[in-house]
Amino acid sequence: MSCAVRRAVLRTSFIVLHLEDMGFQVYQNKKECFFMSAPSMTSTSARSRMNTKVMVSMAMLTGIAYIVMLASKLMPSVMFLDFDFKDVIICIGGFTFGPMAAAIISILVAFIEMITISTTGPIGFIMNALATCAFCCTASFIYKKMHTKKGAVLGLACGVVALTAVMLWNYLITPLY
């Protein structure tokens, strides 16, 4: 394990706590003390890009989207027409946290779907993630630029156009699969 080593010369005595695998060990030194810790623990950035609250909210939205996707599989549908209700949850996450969050949530849900219930394998995962990202990321990107009701409607309309373009591409790729 790599550690960042800092050397501090001190003239007064003090106690340094060093956390190890088994617990705490106490060191006492009057002249020199070596601080060892991971670089991420010593950095004091003002604020990280994704704090804990956003991460937990995105994880909860991922779980909700997966449950909604499972429930929508049980609903009767027409053979040629299938709507993924998980896109609604992912769009809510995209509108709340931005297009990058929508992409992360859609990729995670598509991956979890691939390893649990899907029979299409990696090709289905890629197509599912591309289709969901095309719709949700386009809608949330436009909503991020125009943060109004008009921006949301315009974003969803452009998302439908992007999803249609990806589905046409999917229609061309499917025979190769």
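Draft legend 1. Geometry of the overall build of the protein. Each helix and strand in the protein was counted, giving six helices and four strands. Reading the protein from its N terminus to its C terminus gives the helix and strand order β-β-β-β-α-α-α-α-α-α. Each of the 177 residues in the protein was classed as buried or not, and the buried ones make up 28%. Sequence separation of at least 24 residues holds for 58% of the intrachain contacts in the protein that already meet a minimum separation of 6. With the model as given, the accessible surface of the protein reaches about 12,800 Å², and the carbon-plus-sulfur share is 69%.

Draft legend 2. Summary view of the nonpolar core. Core analysis: the biggest nonpolar cluster contains 15 residues, and Ala65, Ile90, Ala102, Ile105, Cys136 and Cys137 have the highest contact counts within it. Of all the secondary structure elements, the ones that give two or more residues to this core are helix H2 (52-74), helix H3 (86-97), helix H4 (99-116) and helix H5 (121-145). Per-element accounting of this core gives the leading share, five residues, to H4. Those residues within four positions of Ile90 in sequence are excluded, and the remaining contacts are Ala65, Ala102, Ile105, Ser106, Thr132 and Cys136.

Draft legend 3. Region of the structure containing the pattern of salt bridges. Counted by the stated rule, this structure contains two salt bridges. The shortest N-O distance in the salt bridge between Glu113 and Lys73 comes to 3.5 Å. A residue pair is termed long-range when its members are at least 10 positions apart, and Glu113 in helix H4 and Lys73 in helix H2 qualify at 40 residues. Judged by relative accessible area, which is 8%, Glu113 ranks as buried. Classification of Lys73 as partly exposed rests on a relative accessible area of 45%. A salt bridge links Glu113 to Lys86; its shortest N-O distance comes to 3.3 Å. With a gap of 27 residues between them, Glu113 in helix H4 and Lys86 in helix H3 connect regions that are remote in the sequence. Judged by its relative accessible area of 2%, Lys86 falls in the buried class. Overlapping salt bridges, with partners in common, bring together Lys73, Lys86 and Glu113 in one network.

Draft legend 4. Geometry of a nonpolar patch on the surface. A surface patch of nonpolar side chains, amounting to about 450 Å² of accessible area, comprises Met75, Phe83, Phe85, Val88 and Ile92. Note on placement: Ile92 falls in helix H3.

Draft legend 5. Structural detail: the environment of Val54. For Val54, the position within the fold is in helix H2. In this structure Val54 comes out as partly exposed when scored by relative accessible area, which is 23%. The spatial distance from the C-alpha of Val54 to the C-alpha of Phe97 is 7.7 Å, given a sequence separation of 43 residues.

Draft legend 6. Expanded view of the layout of surface pockets. What the largest pocket holds in volume is close to 890 Å³. The wall of the largest pocket is formed by 28 residues, among which Asp82, Asp84, Asn128, Met167 and Asn170 lie closest to the centre. Those elements giving two or more residues to the lining of the largest pocket turn out to be H3, H4, H5 and helix H6 (149-173). A per-element tally of the lining of the largest pocket places H5 first, with eight residues. In terms of residue class, the lining of the largest pocket is built from 15 nonpolar, seven polar and six charged.

Draft legend 7. Inspection of the environment of Ser140 at higher detail. Structurally, Ser140 is set in helix H5. Taking the C-alpha atoms as reference, Ser140 lies 9.4 Å from Ala101; in sequence the two are 39 residues apart. Residue contacts for Ser140: discarding those within four places in its chain leaves Gly94, Phe95, Gly98, Pro99 and Ala102.

What counts and how
- Residues numbered from 1 in each chain as written.
- Predicted model: local features only at pLDDT ≥ 70, side-chain atom pairs only at ≥ 80, totals over all residues.
- Heavy atoms only, no water.
- Helix = DSSP H or I, 4+ residues; strand = E, 2+ residues; numbered from the N terminus.
- Buried < 20%, exposed > 50% of the residue type's maximum accessible area, 1.4 Å probe, protein only.
- Contact = heavy atoms within 4.5 Å.
- Areas by Shrake-Rupley, 256 points an atom, 1.4 Å probe, with all protein chains shown as cover.
- Core = buried A, V, L, I, M, F, W, Y, C linked by side-chain atoms within 4.5 Å.
- Salt bridge = Lys/Arg side-chain N within 4 Å of Asp/Glu carboxyl O.
- Patch = residues over 30% accessible without salt bridge, like charges linked within 9 Å, V, L, I, M, F, W, Y side chains within 5 Å.
- 1 Å grid on protein atoms, 1.4 Å probe; cavity = no way out; pocket = protein on both sides within 12 Å on 5 of 7 lines; lining within 4 Å.
- Points joined across faces, edges and corners; volume = space filled by probe spheres on them.
- Nonpolar A, V, L, I, M, F, W, Y, C, P; charged D, E, K, R; others polar.

By themselves these figures say nothing about function.
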